Amino acid sequence: MKMGFDKEEFKKSVEYNVKNLFRKTIDDAKPNEAFQAVAYAIKDVIIDEWIATQKQYAKEDAKTLYYMSMEFLMGRALGNNIINIMAWDEVKEVLEEMGFDLNVLEDQEPDAALGNGGLGRLAACFLDSLATLGYPAYGCGIRYRYGMFKQKIEDGYQIEVPDEWLKDGNPFEVRRSEYATEVKFGGYVKTVWEDGREKFVQEGYQSVMAVPYDLPIVGYGNNVVNTLRIWDAQPINTFNLESFDKGDYQKAVEQENLAKNICEVLYPNDNHYAGKELRLKQQYFFISASVQRAVKKYKETHPDVRKFYEKNVFQLNDTHPTVAVAELMRVLLDEEGLPWDVAWDVTTKTCAYTNHTIMSEALEKWPIDLFSRLLPRIYQIVEEINRRFMEQIQQMYPGDDHKMARMAILYDGQVRMAHLAIVGSFSVNGVARLHTEILKTQELKHFYQMMPQKFNNKTNGITQRRFLLHGNPLLAAWVTEKLGSKAWVTDLKQIKGIEALAEDETAQKEFMEIKFQNKIRLAKYIKEHNGIDVDPRSIFDVQVKRLHEYKRQLMNILHVMFLYNQLRDNPNMDMVPRTFIFGAKAAAGYRRAKLTIKLINAVADVVNNDASIQGKLKVVFIEDYRVSNAEIIFAAADVSEQISTASKEASGTGNMKFMLNGALTLGTMDGANVEIVEEVGAEHAFIFGMSSDEVINYEKNGGYDPMTIFNNDADIRRVLMQLINGYYSPQNPELFREIYDSLLNRNSSDRADTYFILKDFRSYADAQKQVDAAYRNQNWWAKAAILNVANSGKFSSDRTIQEYVDDIWHLDKVEVKL
Ligand code: RUG
């Protein structure tokens, strides 16, 4: 326990809150009411630290990071906050005395699901690490009224249900109306002469008021509380008589609707750009508000805005916040009156960009007509940035039109946001070593050749506080006991200490018993939520992540079909019972991904109800995969499926969470898998499939024909035929035809089997066989699992953040004393 947590005070605070919020005594409080009361009591503890931290930052005039992101996939806050104020045991005890179970109360809290997947969760882990390491930082984002949709499975199909996460309010947030900021859209730009210079004034625009809500980000045991600032939109003048009288009725209604719509909902696309106008409005909305506020805050204590970059750095989380480059220019030029060159100097010393993907369909390219209509002044600035950049290319590569075309920001009627981000930033980083190399040598090679000094790698990481200490208390306690210290909680490298136990049979037994208990916990969850019985003694083989073709959930389920065929042919086949567990949301408009979910559930229906295979195979699709159930899933996994087509998964972070919880990776040499294998040793993982070089080579030069595999491999052919002969969909044999076609028939835009599923299939099946063989030797398995945990130190987001600080942000640590 940290000093200063008073159990009696806390108890009184909870009772007081129940009384004031619900007009009840504590004995009558329902779990949800008790949750609210406890959350407010914890907030009360946090608030003092929050105030102290911000005062200390101001006093030290500390440089501040603004982590700009459309997504923050925070999950639940209560448990995390209690852990980070180091009061878990005390709170648990007090609540027990009051007749409440902390776990039950935690379950009352909706996940804050303001993100899609890896990119948003990375932002959340980064905030946790920043606060824990004591670095001054804001997360800047949007307060979506509806977060990532809730997934229901009906008749095997995904149904999207709105996520009303704010229905009962959010106990931890603080509305900061004093920082409300106007954001303007549309209209036109007028040039006027004023004070002897040309000025640009936006007129005839619509605007909204951006109002920030602050959420505390609690550091672990260090009194530091940073801020996640998410912006809500409100109408500037609520629909009023004045505008009605002026005949501005239409405009008033439009402004009101604009404000209502902007923050309504998170776009549920992961790794995919949909080009929706409202999305661009969202981007500019939160960026303009954040940038304006950052400049204003700086100016409150600093006279010279030309030195803005000395105290502020903006990290752009993907291209989504890239308008920040032009918005900062606008503020510096139009509002601060700086000349172009000075403003550009400040901007390019302030902004840094993280690239998270090479997938072309994820790259944002806004049509110029839309962009310039919505953001007329911003567009002018982008035009000028582009003009100057083209001049620079001309100078460096005279007459090389190819370079100009490849690198232009404005090209072919589009604004290429990645190019704007690279040109406007002093740092461009990839998210795993392999990914960064691919950026340098393939996707962004022209930029790398021109400005190599900007490029750097920052391999992703995860917070061990949520994904081990909170998510897997049994293993966390075991690690602490074995190491004789909790130091790993803030220094994950220390977990290496358990490596010495890998060969120790007692330790192996203890480890396997913990895994078994975690599997029982997950089995119970599955029974409660899916009504399926699974055997905790079977191998839990897990693939949880967004559903995307490049992640190849399809290969996984085709392999299940392949195994099932073998079992049908030979029910006595010797195999270790296996439970294949899937969890995945598909973007609402991603038809093929949704059909893959249906296929997984259709296979599950057949396999799980076939008594002849003696329970050797089970398939479970966990509904509504999200941060809170992820914690339970990682803790229970034996096998971590990381099977993306090599070169496509920039990093992956689920792979790290599995490793930390002692699951063995079954994966391709893609993203951060490469570094995981490097840390733990290839002999403690199951690696298969083509390398990224081979994939890229096929993509460039052709030469892959899945039909040859189909014709020559009877087992694969049998599996594929089952997609179109009604084996898993007797009512509608054609149901999975689209999937079959995607594997075998080229269509207008794509090669057949774009993601090389058939190409890698045999190698995958062989690796799966090795898993089966390896699991039979429980001592070996335990050893390999312990080694995975022991070697996960590199993958703490604390390490990642320290690298960002050292190489990009250059922040100073701040100590907060109460
Ligand atoms: O797909 C990537 C993951 O590989 C990566 O681990 C994660 C965090 O860096 O970001 C994911 N990502 C990429 N999500 N959206 C994109 C492209 O917009």
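Reading guide: rules and limits
- Residues numbered from 1 in each chain as written.
- Predicted model: local features only at pLDDT ≥ 70, side-chain atom pairs only at ≥ 80, totals over all residues.
- Heavy atoms only, no water.
- 1 Å grid on protein atoms, 1.4 Å probe; cavity = no way out; pocket = protein on both sides within 12 Å on 5 of 7 lines; lining within 4 Å.
- Points joined across faces, edges and corners; volume = space filled by probe spheres on them.
- Helix = DSSP H or I, 4+ residues; strand = E, 2+ residues; numbered from the N terminus.
- Nonpolar A, V, L, I, M, F, W, Y, C, P; charged D, E, K, R; others polar.
- Salt bridge = Lys/Arg side-chain N within 4 Å of Asp/Glu carboxyl O.
- Buried < 20%, exposed > 50% of the residue type's maximum accessible area, 1.4 Å probe, protein only.
- Core = buried A, V, L, I, M, F, W, Y, C linked by side-chain atoms within 4.5 Å.
- Domains from an automatic or database assignment.
- Contact = heavy atoms within 4.5 Å.
- Near = heavy atom within 4 Å.
- Polar contact = N/O pair within 3.5 Å; in protein donor to acceptor, adjacent residues only side chain to side chain.
- Areas by Shrake-Rupley, 256 points an atom, 1.4 Å probe, with all protein chains shown as cover.

> Explanation requested: the layout of surface pockets in the structure shown.
Its volume calculated, the largest pocket comes out at about 1100 Å³. Lining the largest pocket are 36 residues, with Asn 103, Glu 106, His 470, Pro 473 and Arg 521 positioned closest to its centre. At the level of secondary structure, the elements contributing two or more residues to the lining of the largest pocket comprise α3 (78–84), α4 (88–97), α5 (102–106), α19 (464–470), α20 (473–483), α21 (505–530) and α24 (627–636). If one sorts the elements of the lining of the largest pocket by residue count, α21 sits on top with six residues. Broken down by class, the residue content of the lining of the largest pocket amounts to 14 nonpolar, nine polar and 13 charged.

> Would you mind going over the pattern of salt bridges with me for this structure?
Side chains bearing opposite charge may pair, as long as their charged atoms lie close to each other. Throughout the structure, instances matching the rule amount to 63 salt bridges. Between Arg 718 and Asp 569 there is a salt bridge, with its nearest N and O atoms 2.9 Å apart. Of this pair, Arg 718 sits in helix α29 (residues 714–721) while Asp 569 sits in helix α22 (residues 553–569), placing them 149 residues apart in sequence. A residue is classified by how much of its surface remains accessible, and Asp 569, at 53% relative accessible area, is exposed. Linking Arg 776 and Asp 574 is a salt bridge whose minimum nitrogen-to-oxygen distance equals 2.9 Å. On the criterion of sequence distance, the pair formed by Arg 776 in helix α31 (residues 757–776) and Asp 574 in the loop between α22 and β21 (578–583) is long-range, its members being 202 residues apart. Each of Arg 76, Asp 107, Asp 111, Lys 150, Lys 585, Asp 624 and Arg 626 takes part in a single network of salt bridges with overlapping partners.

> Quick question: what am I supposed to make of the nonpolar core here?
Formed by 157 residues in total, the largest nonpolar core has its most connected members in Ile 42, Phe 185, Phe 285, Phe 314, Phe 371, Phe 389 and Trp 809. Looking at which domains feed residues into this core, each of domain 1 (1–60 + 77–110) and domain 2 (61–76 + 111–460 + 802–808) supplies at least three. With residues up to four places along the chain from it excluded, the contact list for Ile 42 reads Phe 10, Leu 78, Asn 81, Ile 82, Ile 85, Val 91 and Phe 172. Judged by nonpolar contacts, the second largest core, of 128 residues, contains Val 479, Phe 710, Leu 758 and Ala 790.

> Please clarify how the site of the ligand should be interpreted in this entry.
Taken together, 16 residues surround the ligand, and among them Asn 271, Asp 318, His 356, Glu 649 and Gly 652 come closest. In this structure, Ser 651 approaches the ligand through a main-chain N or O atom, which is 3.0 Å from an oxygen atom. Alone, the ligand offers 420 Å² of accessible surface; in the complex the protein occludes 96% of this. Looking at the shell around the ligand residue by residue, the classes come out as five nonpolar, eight polar and three charged. Formed jointly, the shell around the ligand draws a minimum of three residues from each of two domains, domain 2 (61–76 + 111–460 + 802–808) and domain 3 (464–683 + 756–793).

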